[in-house]
Amino acid sequence: MAELTHAPYAGAAPPMAIGLKALDLAEWIEPDEHLAAELAEKERLLEERHSEVYAERPDSRPAQEEVLALLVEHLPRVHPDIYRRDGSRIHVIPAAVSVDIDKPQEPPLQCASRLVQEDLVLMARGSSGWQLAAASLCFPSTWVLAEKFGRDMDGIHEPVPGYAEHIGPRLLRIFDNLQVERPVWRLNWSIYDSPELYAPRRRPGPRVWLRDGVVADANCFIRVERQTLRKLPATGFILFTIKVLLDPLAALGRHPEGPRLANGLKAQLQQLDAAQLAYKGLVESRDLLVAALSRYEAASA
Amino acid sequence: MTRREEASLAGQLSRYARVGAGMGTAVARVAAGRLISSERDFEAEAKLLGDALGSLKGPLMKVAQLMATIPDLLPAEYAEELAKLQSHAPPMGWPFVRRRMAAELGPDWESRFLSFEREAAAAASLGQVHRAVSLAGEPLAVKLQYPDMASAVEADLRQLQLLFSLHRRMDPAIDTTEIAEEIAARLREELDYDREARHIRLYRDVLADVPEISIPAVDDALSTRRLLTMGWLDGRRLTEFKDHPLAERNGLARAMFKAWWRPFCSHAVIHGDPHLGNYTARLDGSGRPDGLNLLDFGCIRIFPARFVGGVVELYRGLQHDDRARVVGAYEIWGFKGLGNELIDILNIWARFIYGPLLEDRVRTIADGISPAHYGRREAFQVHRALKEKGPVRVPREFVFMDRAAIGLGGVFIHLGAELNFHRLFNEALERFDIAEVRARQEQSLARVGIEPMDNRQ
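Keep in mind the model is a prediction, meaning the values are calculated, not measured.

Scoring rules and cut-offs
Residues numbered from 1 in each chain as written. Chains lettered and ligands numbered in written order. Predicted model: local features only at pLDDT ≥ 70, side-chain atom pairs only at ≥ 80, totals over all residues. Helix = DSSP H or I, 4+ residues; strand = E, 2+ residues; numbered from the N terminus. Buried ≥ 20, exposed ≤ 12 C-beta atoms within 10 Å, placed from the backbone. Contact = placed C-beta atoms within 7 Å. Rg over C-alpha atoms; globule rule 2.2 N^0.38 Å. Axes fitted to C-alpha atoms, helices over the stretch in contact; angles between N-to-C directions. Parallel < 35°, antiparallel > 145°, perpendicular 65-115°, else oblique. Nonpolar A, V, L, I, M, F, W, Y, C, P; charged D, E, K, R; others polar. Pairing = 2+ DSSP bridges. pLDDT = per-residue confidence, 0-100. Core = buried A, V, L, I, M, F, W, Y, C linked by C-beta atoms within 7 Å. Expected span 1.5 Å × (residues − 1). Arc of directions from axis to C-beta.

Asks: Explanation requested: the overall build of chain B in the structure shown.
Replies: In terms of helices and strands, chain B carries 17 helices and 13 strands. With 457 residues in all, chain B has 45% of them scored as buried. For chain B, the proportion of contacts with a sequence separation of at least 24, taken over those separated by at least 6, is 71%.

Asks: Teacher, can you tell me more about the overall build of chain A here?
Replies: In terms of regular secondary structure, chain A is built from 12 helices and 10 strands. For 301 residues, the compact-globule formula gives about 19 Å, and the C-alpha radius of gyration of chain A, at 19 Å, lands near that figure. Each principal axis of the C-alpha distribution contributes one length, and for chain A these read about 55 × 45 × 35 Å. Restricting to contacts in chain A with at least 6 residues of sequence separation, those with at least 24 account for 68%.

Asks: Got a minute to help me understand the packing of helix H11 (residues 305–319) of chain B against helix H13 (residues 340–358) of chain B in this structure?
Replies: In a pair of packed helices, the angle between the axes and the distance between the axes together describe the arrangement. Residue and element names in this part refer to chain B. Contact pair H11 / H13: the axes reach a minimum separation of 10 Å and the direction vectors enclose 80°. If you check the angle between H11 and H13, you find them roughly perpendicular. Note on element contacts: H13 touches H11 through Ala350, Arg351, Tyr354, Leu357 and Leu358, opposite Leu314, Tyr315, Leu318 and Gln319. Looking at the contact of H11 with H13, its residues break down into 7 nonpolar, 1 polar and 1 charged.

Asks: How do you make sense of the environment of Arg44(A) when you look at a structure like this?
Replies: Residues and elements named next belong to chain A. With respect to the helices and strands, the residue Arg44 is situated in helix H1 (residues 35–48). Given 13 C-beta atoms within a 10 Å radius, Arg44 is considered partly exposed. In sequence terms Arg44 and Glu181 are 137 residues apart; their C-alpha atoms lie 35 Å from each other.

Asks: Could you clarify how one ought to interpret the environment of Leu293(A) in this entry?
Replies: Residue and element names in this part refer to chain A. Relative to the helices and strands, Leu293 resides in helix H12 (residues 286–298). Considering only alpha carbons, one finds Leu293 and Asn263, 30 residues apart in sequence, at a separation of 7.1 Å. Leave out the neighbours within four places in its chain, and Leu293 touches Ala262, Leu265 and Lys266.

Asks: What is the right way to look at the interface of chain A and chain B in this model?
Replies: When the parts of a complex come together, some accessible area is lost, and that lost area is often taken as the interface size. Each side of the interface is counted separately: chain A has 13 residues, and chain B has 10 residues. Of all elements in the fold, only strand S1 (21–22) and helix H7 (163–177) of chain A reach the threshold of two or more residues within the side of chain A that touches chain B. Residues of the side of chain A that touches chain B, tallied by class, amount to 7 nonpolar, 2 polar and 4 charged.

Asks: How should the pairing of strand S4 (residues 139–145) of chain B be read in this particular structure?
Replies: For a regular strand, side-chain orientation follows a simple rule: the groups alternate between the two sheet faces. All names here are of chain B. Within S4, 6 of the 7 residues are buried, which leaves it mostly tucked inside the rest of the structure. Bridge count between strand S3 (residues 127–134) and S4: 7 bridges; the pairing is antiparallel. Residue His130 lies in a different strand from S4, and its bridge partner there is Val142. Where S4 and strand S7 (residues 227–231) come together, 5 bridges link them in antiparallel fashion. The residue of S7 that forms the bridge with Leu140 is Gly231.

Asks: Help me out: how do you make sense of the sheet that holds strand S11 (residues 289–294) of chain B in this one?
Replies: Either a parallel or an antiparallel arrangement is found when strands of a sheet pair, and the pairing is made through backbone hydrogen bonds. Residues and elements named next belong to chain B. Across the sheet, 4 strands lie side by side as S6-S11-S10-S8; this open sheet has mixed pairing. Bordering the open sheet on either side are strand S6 (213–214) and strand S8 (236–237), each of which pairs with just one other strand. Here strand S10 (residues 279–283) runs beside S11; their pairing, made up of 5 bridges, is antiparallel. Within S11, the position partnered with Ala281 by the bridge is Leu292. Across the face of the sheet, helix H10 (residues 246–267) comes into contact with S6, S10 and S11 while running at roughly 35° to S11.

Asks: Teacher, can you tell me more about the sheet that holds strand S9 (residues 221–231) of chain A here?
Replies: The strand order across the open sheet built from 7 strands is S1-S8-S9-S10-S6-S7-S2 (chain A), with neighbouring strands paired in antiparallel fashion. Each having just a single partner strand, S1 and strand S2 (54–56) of chain A make up the two edges of the open sheet.

Asks: Is there a simple way to think about the confidence of the model for chain B in this case?
Replies: Caution is warranted with low-pLDDT regions, since their predicted coordinates should not be read in detail. All names here are of chain B. A residue-level look at chain B finds 72% of positions with pLDDT of 70 or above and a mean pLDDT of 79. Low pLDDT (under 50) marks residues 1–40, which in the prediction has 41 contacts with non-local residues, meaning those over four places away or in another chain. Predicted confidence for residues 52–59 stays below pLDDT 50, and this span has 26 contacts to residues more than four positions away or in other chains. In the predicted assembly, ipTM is 0.84 and pTM is 0.80.

Asks: What is the right way to look at the environment of Gly291(B) in this model?
Replies: Residue and element names in this part refer to chain B. On the secondary structure map, Gly291 appears in strand S11. Gly291 sits 39 residues away from Leu252 along the chain, and the two C-alpha atoms are 6.5 Å apart. When neighbours within four sequence positions are excluded, Gly291 is seen to be in contact with Glu212, Ile213, Ser214, Ala255 and Arg282.

Asks: Would you mind going over the nonpolar core with me for this structure?
Replies: Considering soluble globular proteins, one finds that nonpolar side chains tend to be buried as a cluster. Leu122(A), Ala135(A), Met256(B), Ala268(B), Leu292(B) and Val308(B) are the most contacted members of the largest nonpolar core, which has 169 residues in total. Take this core: its biggest share by element is 10 residues, from helix H15 (residues 396–415) of chain B. Discounting chain neighbours no more than four positions away, the residues touching Leu122(A) are Ser60(A), Ala63(A), Gln64(A), Leu109(A), Ala133(A), Ala134(A), Ala135(A), Phe237(A) and Leu239(A). Residues Leu126(B), Ile183(B), Ala184(B) and Leu187(B) belong to the second largest nonpolar core, which totals 7 residues.

Asks: Looking at this model, I keep getting lost on H1(A). Mind explaining?
Replies: Because an α-helix completes one turn every 3.6 residues, residues spaced three or four positions apart along the sequence face the same direction. Residue and element names in this part refer to chain A. Over its 14 residues, H1 extends 20 Å from the first C-alpha to the last, a length consistent with the 20 Å expected when each residue adds 1.5 Å. Turning to H1, its buried residues number three or more, namely Leu35, Glu38, Leu39 and Lys42. Looking down the long axis of H1, one finds its buried residues gathered within 100° of arc, a one-sided arrangement. The exposed residues of H1 that point more than 90 degrees off its buried face are Ala37, Ala40, Glu47 and Glu48. Contacts from the buried residues of H1 go to strand S4 (89–92), strand S5 (97–100) and helix H4 (108–113).

Asks: In this structure, what is going on with unusual backbone geometry? I would like to understand it.
Replies: Comment: phi is negative for the bulk of residues other than glycine, and the bulk of peptide bonds are trans. For Leu4(A), which is not glycine, the phi dihedral falls at a positive 50°. With respect to the element layout, Leu4(A) can be found in the segment before S1. The class for Leu4(A) is buried, based on 20 C-beta atoms found within 10 Å. If you check the backbone angles, Ala268(B) has positive phi at about 60° while not being a glycine. For Ala268(B), the position within the fold is in the loop between H10 and strand S9 (269–271). Among the residues examined, Ala268(B) registers 24 C-beta atoms within 10 Å and is labelled buried.

Encoded structure:
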């Protein structure tokens, strides 16, 4: 089983750097062994919590169609062992499901979302910047779709430390200058005390570790988001994909480079300033986490 | 000079012209004309020269510009025409730019930018500037050198040496050896963008505590010896502020004064080519200028600290009418064997350059003089007098300061600034101490990775 596939905390970049890289389109969508489970979870959420995980502006439909068409072309071609097209159906082989891509009553973005582990968010350029125009967001990392829907980037990123002064203008420049032929991707990380993928809000009360006084493998998860940004050639919307990777802290003990990764994560935790710690919900927990990571570092010594 | 000698020189020049490319021909023709006749239509010739040069790019254009900045080498009319050349260089087209970028950063260079504008945003020394956006969302200025510049520069320098040697034969009174050396050194330096990157870091270090001045940050990962990638500084050209309120123009001029004199007085470092195109006005949220962007660092000069002492000594000597102190200062500057007549001639020039700094009152740099003409006629007169009373070897430092003072004065005139330059200068000199300048310079150079100056020279 692949664990800790992406480790953005182990590089030289400072914590919370934008850190975009050029995206090779062959790697646009990244299905893994959790595909079946995550698609099933998406189905459940779309069924039970539809209004919380799906939203769209009517004018986003052409862009939604464009996203679906791109995925329908991309998935069977790049991942033929996983996806097979059969007329108006796409078979997702490992999940043993088949998705009807020509269901008039289903929004195309939602249909597209049922094919992939990634959440799909469409951004549209308005007079005041880029706005969230449609989203299938089943696995949010501490954000609530209804609160961000229809808002521009400033509204969406309000809680991000340093957003107004540094990040906002750069993000706007990135969105405005994104080229159709040059998609990009990035990673971010956070530490959660739950393995749930659907995590719009932090669980109430203190983190589990604070109650226990120790960070146990069973209740600590490294949550990495793999995000891609792609400008759609026909509509000019920007498609933002988010794939969540959740690994228990114990994975550090199994990974061949576990000590190095633990060291990187520890260093990043120590570099976070007060505002960044608060944003990540780690003000009271950092020292406990650092101590826990030291154990994995020491394992190599 | 006899007619026979003139004819022979004209022959040499015309042979030189045939060897050179189109531009060399134009330079040679004009030079020949200048050497041979005394009554000429400078403006018409200058226009002709400008037309010939404007269609070319590369180092010869740079040579022409450099020649334009050296008083006496070319008359004012030429200087004016040549000064226009920078913006006329034909840009490299997109297929060419792609190849050049691939040569500098590798075949996947485009993936290292979020976006890269195909059209050049501006011409630059020996290259052109493209706007781009980094993968971190930072706006960038990417300065890409034209291809094969190193060999082109060397070829041009050989032609230039010939021109200068002819000039010396015609006019032995003024020794242009150091001027020629300076032009050669300057051109070779301009080839080396890595050196420019270090100079940018030096200026960021030296002016770190001057909030009204912005200096771009270099992106080392996207830079090479022939590619310089730095932060893009938004701003407006200084020429657009001509009709703005005096307070705004004065603010820009004050920042300009600080940007130039502060590094000199504190670190013995100057920007050797302070013309309008090397700066833009930084704007605040409401669109009013609140500072100055420094854009070009191809011509930074680092002096021994004692040279700053010479400049200050000359100032103090003139201030107190102390001839012995003035003469001592000229010696520190590098003039050798000065007689009384030569000293008087140099004093004319020094009083002109230092004039605004000596008078404790609000004033313009020079009333009723156009920026392009500022200082040139005075320099012309002084250099002519130096020839008559000479020969005198003009030290390189004089060439730098001469050019910089004229450039700086031109900017102040352009802005129509009315300031107490005396006070500004004395603020820059506050607590001036050569030993401290030396120490500061050593520390700064070490921080940015530039070899230390030998201060014992």
